[in-house]
Each structure stands twice: as C-alpha cells, then as structure tokens.
Amino acid sequence: MTNHVYATPRTYVIVWLTLLALLALTVGSAYLPLGWANTALNLAITVTQAALVMLFSMHLRSAHPLMRIIATIGFFGIIILIVLSLFDVMTR
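This text gives an overview of the structure that appears in the document. Quick caveat: nothing in here was measured; it's all calculated off a predicted structure.

**A closer look at the overall build of the protein chain**
1) Next: Each helix and strand in the protein chain was counted, giving three helices and zero strands.
2) Next: When the elements of the protein chain are put in sequence order from the N terminus, they spell out α-α-α.
3) Next: Against the 2.2 N^0.38 benchmark of 12 Å for 92 residues, the protein chain shows a C-alpha radius of gyration of 16 Å, more extended than a compact globule.
4) Next: If you line up the protein chain on its principal axes, its C-alpha atoms span 55 × 30 × 10 Å.
5) Next: Counting over 92 residues, the protein chain shows a buried share of 17%.

The following block contains the structure:
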C-alpha cells in the first residue's frame, strides 16, 4: 500500500489566500515604476504561484516520485522557454 499525505481543508484555504495575496502583489507591482525589475519581480511571483498550484492543487506533494520528476522536468522546461523568450525581447 502507498502512504499518502492528504492536505486538510485548512491547508487549501491557506494556499488559496496565499495565491490571492500573490495576485494582489502582481497587480500592485504593475503600478510601480520599477523599470526592468518589474519583469523580474512578476516572473518570481508567477513561479511561486505555479509552484503552489503544482504542489497542492495537482497533489504533487503526495504523488509517486516518478510523477514528481516528470512534473519537475516540465516545470523547468517552461522556465527555459520563458528565459529564451526574455533573451529575444531584451536584445531588440
């Protein structure tokens, strides 16, 4: 048998509130004149949001190790695509 760790409803509420706070932070940072740091800040917030969704909404915290590895490869693949797109935008 497998040993699954299930999150409580309290955990889901905390994650939901954290995602809402990060959303508010993203919207608030859009109004700050930070220059190039605005993009870096928003990408950091987005990566944090994606990690929370992957861990809790997709139940990767309690998933099989192979599923975690596959999800991690996909996550870093998307990060590579974002970085390559930023290189293209920044060199124009």
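Next comes the rest of the account.
**Some remarks on unusual backbone geometry**
What is expected of a backbone is that most residues other than glycine have negative phi and most peptide bonds are trans.
1) Next: If you check the backbone angles, His59 has positive phi at about 55 degrees while not being a glycine.
2) Next: By the element assignment, His59 lies in the loop between helix 2 (36-57) and helix 3 (65-90).
3) Next: Note on His59: relative accessible area 43%, which makes it partly exposed.

**With respect to the side chain of Ser29**
1) Next: Summarising the element assignment, Ser29 is placed in helix 1 (residues 9-29).
2) Next: Among the residues examined, Ser29 registers a relative accessible area of 2% and is labelled buried.
3) Next: Beyond its immediate sequence surroundings of up to four residues, Ser29 is in contact with Asn38, Leu41 and Asn42.

**Side note on the nonpolar core**
1) Next: The biggest cluster of nonpolar side chains holds six residues, and these are Val15, Leu19, Leu22, Ile45, Leu52 and Phe56.
2) Next: Elements that contribute at least two residues to this core include exactly helix 1 and helix 2.
3) Next: Non-local contacts of Val15, meaning those with residues more than four positions away in its chain, are made with Leu52 and Phe56.
4) Next: Core analysis: the second largest hydrophobic core is formed by five residues, Met54, Leu60, Ala63 and Ala71 among them.

Reading guide: rules and limits
- Residues numbered from 1 in each chain as written.
- Predicted model: local features only at pLDDT ≥ 70, side-chain atom pairs only at ≥ 80, totals over all residues.
- Heavy atoms only, no water.
- Helix = DSSP H or I, 4+ residues; strand = E, 2+ residues; numbered from the N terminus.
- Rg over C-alpha atoms; globule rule 2.2 N^0.38 Å.
- Buried < 20%, exposed > 50% of the residue type's maximum accessible area, 1.4 Å probe, protein only.
- Contact = heavy atoms within 4.5 Å.
- Core = buried A, V, L, I, M, F, W, Y, C linked by side-chain atoms within 4.5 Å.

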